[in-house]
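Tertiary structure, described
These are the residues of each chain, in order.
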Amino acid sequence: MFGLLNSIRAKLLAVVLPLIAVSMISLFALLEYASYSAAVGDLKQRLQQNTQVQALALSSPLWNYDIRAIDPILLALEQDPDFLYVKVYDVTGEEVSSLAAEGLSDVKAAFTKTLPIVYSAIDHEEIIGSVTVALHGERMRREVIDRLQRNALILVILMAVIVAATVLATERTIGYPLRELMNSIELVKSSDIRTPVQWSSTDELGEVVKAYNEMLRLQAAAEKGMRESEERARESEARLRDAVNSMSDGFALFDADDGLMLYNKKFLQMVPRAAVTIHEGVTYEDIIRASVAAGHYPVAQGREEEFIAECLVMHSSYAEPATVRLDDGRWILCTEHGTSSGGTVAVRTDITELKQREIELQLAKEEADAANQAKSRFLANMSHELRTPLNAILGFSDIIRQEMLGIVGQPRYKEYADDIHVSGRHLLDLINDILDVSKIEAGAFRPNDENLDVDRIIDDCLRLVEQKASRKKLVLERELPKGLPQLKADERAVKQVLLNLVSNAVKFTPSEGTITVGAHVNGNSEFQISVSDTGLGMNEQDVELVMQPFGRLDSPWTQSEEGTGLGLPLSDMLMKAHDGELRIDSCPGEGTTVYAVFPENRIVPFDDKAAAAQSA
């Protein structure tokens, strides 16, 4: 019936039906046992009641030993359908009377009960004998047999109904959709016809059919997309060949076996005398050998095999691009790249013009270096030649304005001496700044690193500008946190940077303004020194201008202040020499804040600072 359990439905029935049969038989057995237990209980209860009634009824006749009165009492037990026999005994155990059911002499007693017969007088009670009643179970057995036969018939009918219903249900829910699914699969296998299964359900099999139909749809869409992709691939290949031929560089594509797959006309033009040997399938080694044999590489003359080996190594290892000169004077940049399939892309770029410009730039660089060296020598000589008379001018003018050798007769002469001293000092500062800038540009400046207490350096710089700030009624403030770490830097350079920033703030802050100098470790773990003022401020264009050498703002306020225009550029160079930077935050009308930021590696850890203090 189930095809020797070769189908899912047959296997399911083979498992489910025995389970149902066992369950129903167990249920019927449990119900029959309950009925049997109830019948036994009823029989025992009636036996107890009958025995008690007989013991009570027989007490008076047995006391009087009235045998004729005993027999009618015993006859009352024949009314019980399960009565088997009753026996009455006196106190000595001798049988006084008995009664047995007719026709049941061969039947055994199912249950017996013996109770004493007690005679009750006014003043005492006395056991005068006993009565034994026996009941048989024939009627109960027949009822059990009848009930079992009836229940067996019901069980068979129920099993037949369940089997039929299960077969129909599995046919509808499993057999039919599975056959439809298998038929669709066979069509795909035999004739590549994809027919969706016309069946739906919300159970697991329905989900399988739904997934199968979706798979057919996706497969059809994928095949359609594949055909379209193949068509696009053919079109792309044609466009690729057109694009490769339109390239200004030579292009060649080699497969994993180093066979030539694709190339353009420019690649052939690189080695025109060897072009006849270049075709699809030829190896890169054959192309190089043909080009060397045609004399396209002058550098290969006398060392042909060595040159060919070098080219093959570069081609297979994708080394750095190499430059080679052809016999016609062209310079070619050879670049090799690997592909994901194990092949190689060779690109040949004509860099003749670039090479010529490179040679020209090299010559220009050499001329610039020579000019720079000449400038440095000139500045060194000029600094020596200018400082000697400047020192004399500064010295003599200082003697005159301080009247060291006597009172100057004319007050205006003293004013002239003051002007001479100020102008000479300004000129000396300009010469020193120019020499510092030149020294840094030439790479001759190297920071002399040492552990610095920034708070002390800030105090030194503020003392130097304190007098000038006092004349302008400016307020100088310090913002230094406790526990500020030391800074590893060049002390002279840090002082020069900080003094330039503070001097600029004093110069360009109106009277009764405020200048704040602070230092702390910012959120990026950088050591940051800041100088803030309440001056006029600058816009972005002004900031770019003042960061250029000799850059000064074109305004009546700034033009009235002395300066070389080298303070900020020189400070920026000194910060860069420390791997730091100079940051300017300014807004017109709101003042300016300049930050000198040192990197984290220039912060001295506290342990190092304590050790340095202890050694000192």
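**A look at helix α10 (residues 454–471)**
- Relative to the 26 Å expected for 18 residues at 1.5 Å per residue, α10 spans 26 Å between its end C-alpha atoms, a close match to the ideal helical length.
- The axis of α10 is deflected most strongly, by about 45°, at Val465.
- Within α10, burial applies to Val454, Ile457, Ile458, Asp460, Cys461, Leu462, Val465 and Ala469.
- For α10, the elements touching its buried residues are β10 (449–452), β11 (475–479), β12 (487–490), α11 (491–507), β13 (514–521) and β14 (527–533).
- Just downstream of α10, Lys473 is the residue with a positive phi angle, here 55°.

**Comments concerning helix α2 (residues 67–75)**
- If you check which residues of α2 are buried, you get Ile70, Ile73 and Leu74. What you see down the axis of α2 is that its buried residues fit within an arc of 95°, all on one side.

**Notes on the sheet that holds strand β15 (residues 581–587)**
- With respect to topology, 5 strands assemble into an open sheet ordered β11-β13-β14-β16-β15, the strand pairing being mixed. Sheet topology places β11 and β15 at the edges, where each strand pairs with a single neighbour. The average angle at which neighbouring strand axes cross in this sheet is 15°, direction not considered.
- Here α11 sits on the sheet in contact with β13, β14, β15 and β16 (591–598), set at roughly 20° to β14.
- The strands that helix α14 (residues 567–577) touches are β15 and β16; relative to β15, the one it contacts most, it runs at about 140°.

**With respect to the confidence of the model for the protein chain**
- Per-residue pLDDT for the protein chain averages 81, and the proportion of residues at 70 or more is 88%.
- Confidence drops under pLDDT 50 across residues 556–560; counting only partners more than four residues distant or on other chains, this segment forms 12 contacts.
- In the model, residues 608–616 has pLDDT below 50 throughout and makes 6 contacts with residues more than four positions away in sequence or in other chains.

**Some details on the environment of Ala76**
- Here Ala76 shows up in the loop between α2 and β1 (83–90).
- Taking relative accessible area as the criterion, Ala76 reaches 48% and is therefore assigned partly exposed.
- Residues Ala76 and Gln54 lie 22 residues apart in sequence; the distance between their C-alpha atoms is 9.0 Å.

**Considering the pattern of salt bridges**
- A complete count under the given rule lists 29 salt bridges for this structure.
- A salt bridge links Arg602 to Asp449; its shortest N-O distance comes to 3.0 Å. Pair noted here: Arg602 is in the loop between β16 and α15 (606–615) and Asp449 is in strand β10, with a separation of 153 residues, a long-range link.
- We classify Arg602 as buried; its relative accessible area is 8%.
- On the accessibility criterion, Asp449 (37% relative accessible area) is partly exposed.
- Here Lys576 and Asp572 are joined by a salt bridge, their closest N and O atoms 3.3 Å apart. Here the residue Lys576 and the residue Asp572 both occupy positions in helix α14, the gap between them amounting to 4 residues, near one helical turn.
- A residue is classified by how much of its surface remains accessible, and Asp572, at 13% relative accessible area, is buried.

Scoring rules and cut-offs
Residues numbered from 1 in each chain as written. Predicted model: local features only at pLDDT ≥ 70, side-chain atom pairs only at ≥ 80, totals over all residues. Heavy atoms only, no water. Helix = DSSP H or I, 4+ residues; strand = E, 2+ residues; numbered from the N terminus. Expected span 1.5 Å × (residues − 1). Bend = angle between axes of the 7 residues up to and from the residue. Buried < 20%, exposed > 50% of the residue type's maximum accessible area, 1.4 Å probe, protein only. Contact = heavy atoms within 4.5 Å. Arc of directions from axis to C-beta. Pairing = 2+ DSSP bridges. Axes fitted to C-alpha atoms, helices over the stretch in contact; angles between N-to-C directions. pLDDT = per-residue confidence, 0-100. Salt bridge = Lys/Arg side-chain N within 4 Å of Asp/Glu carboxyl O.

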